[in-house]
Amino acid sequence: MAQPIPTHLQARSGIVSMLLAVFLYAVLNALAKHLAADYPLAEVTFFRNAFALLPAAAMLARAGGWRSLRTEHLGGHFWRAAIGLTSMVLLFLSYHLMPMADAVALSFSAPLFLTALSVPVLGERVGPYRWGAVAVGFAGVLVIVQPGSGMLNTGALVGLSAAVAYAFAMMAMRQLGRTEAPVTTVFYFTAFSTLLSAVALPFVWTMPTAEGFALMAAMGLVGGGAQYFATRAYALAPAAVISPFNYAGILWACLFGWLFWGDWPGTHVLAGAAIVIASGLLILIRETRRRAGTETCDTSPGVSHTLPLSTGRKH
């Protein structure tokens, strides 16, 4: 069934919510980069998820309480959490190994991997238009990493691996989105990620200082708040309106990287990021039109549709 057209107020509120989410995710990423210099990634990841349970529980209460946790796809939620946690750890590691703007620019390649992998994994059909956009996007990735000049370093490989893992996580989310409410997926992801990351704590634990503990708590709360605003944004307006504002993250990454670490992305990073963003927007436009056509042709109550293509990183 076609989604109702949002009012101007709803669209504006959705855009503001997404911009808030992007800013909070940028703060989260900066905190993760700072903390990873002094603490094991497993410990940083654990506290990011543990403290995010508080906002997730608040979202759950607002959505109807424990009844919202009823699901017949607990295994799917666990798989989504496992692969999402893998992506989170790899992303945090890429922030530690390279400038923030470079890592964020590479993370924008996730929708390209999602489109390419949806064919063998989900059995979706991808036409020449979207394959062309994917090819252009990967050309942008090559501009960023510059493999011919020896710049395909460990950080770039980790960043690309994080994007691939996130694409798998998004495919799992698309499948869950056919039957599960967003708040249900968010809560199970946070809870399972907390439990999974806790497994490594006995082997890597480093006692945090008061400042370190406060920053890790802030990281979790900020991450939970970002999830709330992102969820609210997509509830208020369609993905075609909301998703492009995810790319504001590159501006915050450049600013934070320059202010706190003295990093400024090279011209090749900015040029490659522009190419990747353009290709992602082309895929989003094509995806939106395709789904609009599908919903117009088939409005039977039994038909379920997958989630819109996401162009942003959610950690």
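Residues numbered from 1 in each chain as written. Predicted model: local features only at pLDDT ≥ 70, side-chain atom pairs only at ≥ 80, totals over all residues. Heavy atoms only, no water.

Quick question: what am I supposed to make of the overall build of the protein here?
Within the protein, the secondary structure is distributed over 13 helices and zero strands. From first element to last, N terminus to C terminus, the protein shows the α and β order α-α-α-α-α-α-α-α-α-α-α-α-α. Put simply, the protein has 315 residues, and 50% of those count as buried. Long-range contacts, defined here as pairs at least 24 residues apart, represent 89% of the contacts in the protein between residues at least 6 apart. Total accessible area on the protein stands at roughly 14,100 Å², and carbon and sulfur atoms take up 69% of it. (Helix = DSSP H or I, 4+ residues; strand = E, 2+ residues; numbered from the N terminus. Buried < 20%, exposed > 50% of the residue type's maximum accessible area, 1.4 Å probe, protein only. Contact = heavy atoms within 4.5 Å. Areas by Shrake-Rupley, 256 points an atom, 1.4 Å probe, with all protein chains shown as cover.)

How should a nonpolar patch on the surface be read in this particular structure?
Residues Leu 255, Trp 258, Leu 259, Phe 260, Trp 261, Trp 264 and Leu 270 make up a contiguous nonpolar surface patch of about 750 Å² in total accessible area. Residue contributions to the nonpolar patch peak at five residues, all from helix 12 (residues 249-261). Note on placement: Phe 260 falls in helix 12. Owing to a relative accessible area of 54%, Phe 260 belongs among the exposed residues under this scheme. (Patch = residues over 30% accessible without salt bridge, like charges linked within 9 Å, V, L, I, M, F, W, Y side chains within 5 Å. Salt bridge = Lys/Arg side-chain N within 4 Å of Asp/Glu carboxyl O.)

What should I look at first to understand the confidence of the model for the protein in this one?
Detailed reading of the predicted coordinates is not advisable wherever pLDDT is low. Taken over all residues, the pLDDT of the protein has a mean of 83, while the share at 70 or more is 87%. Residue range residues 295-312 is modelled with pLDDT below 50. Its contacts to residues more than four positions away, or to other chains, number 43 contacts. (pLDDT = per-residue confidence, 0-100.)

I tried to follow the environment of Met 98 on my own but got confused; where do I start?
With respect to the secondary-structure elements, Met 98 resides in the loop between helix 3 (74-97) and helix 4 (100-107). The exposure class assigned to Met 98 is buried, which follows from its relative accessible area of 10%. The sequence separation of Met 98 and Gly 155 amounts to 57 residues, and the corresponding C-alpha distance is 5.6 Å. Once residues lying within four places of it in the same chain are set aside, the contact partners of Met 98 are Lys 33, Ala 103, Leu 106, Gly 155 and Ala 156.

Just checking my understanding: could you explain the packing of helix 4 against helix 12 for this structure?
Axis separation between helix 4 and helix 12 bottoms out at 8 Å; the angle between their running directions is 160°. With respect to helix 12, the element helix 4 is oriented roughly antiparallel. By crossing handedness, the relation of helix 4 to helix 12 is classed as right-handed. In this structure, helix 4 uses Met 100, Ala 101, Val 104 and Ala 105 to contact helix 12, whose residues at the interface are Gly 249, Ile 250, Ala 253, Cys 254, Phe 256 and Trp 261. The residue makeup of the contact of helix 4 with helix 12, split by class, is nine nonpolar, one polar and no charged. (Axes fitted to C-alpha atoms, helices over the stretch in contact; angles between N-to-C directions. Parallel < 35°, antiparallel > 145°, perpendicular 65-115°, else oblique. Left-handed = near helix turned anticlockwise from the far one by under 90°. Nonpolar A, V, L, I, M, F, W, Y, C, P; charged D, E, K, R; others polar.)

What is the right way to look at the nonpolar core in this model?
A general feature of soluble globular proteins is that nonpolar side chains tend to end up buried together. Among the nonpolar cores identified, the biggest contains 83 residues, and Met 18, Phe 92, Leu 106, Phe 108, Ile 144, Met 219 and Ile 250 are the most heavily contacted of them. Setting aside residues no more than four positions away along its own chain, Leu 106 makes contact with Met 98, Val 141, Ile 144, Val 145, Ala 156, Leu 160 and Ala 163. (Core = buried A, V, L, I, M, F, W, Y, C linked by side-chain atoms within 4.5 Å.)

Would you explain the side chain of Gln 227 in this entry?
Tracing the chain through its elements places Gln 227 in helix 10 (residues 210-236). Beyond its immediate stretch of four places on either side in the chain, Gln 227 contacts Tyr 25, Arg 48, Met 59, Val 186, Phe 189 and Thr 190.

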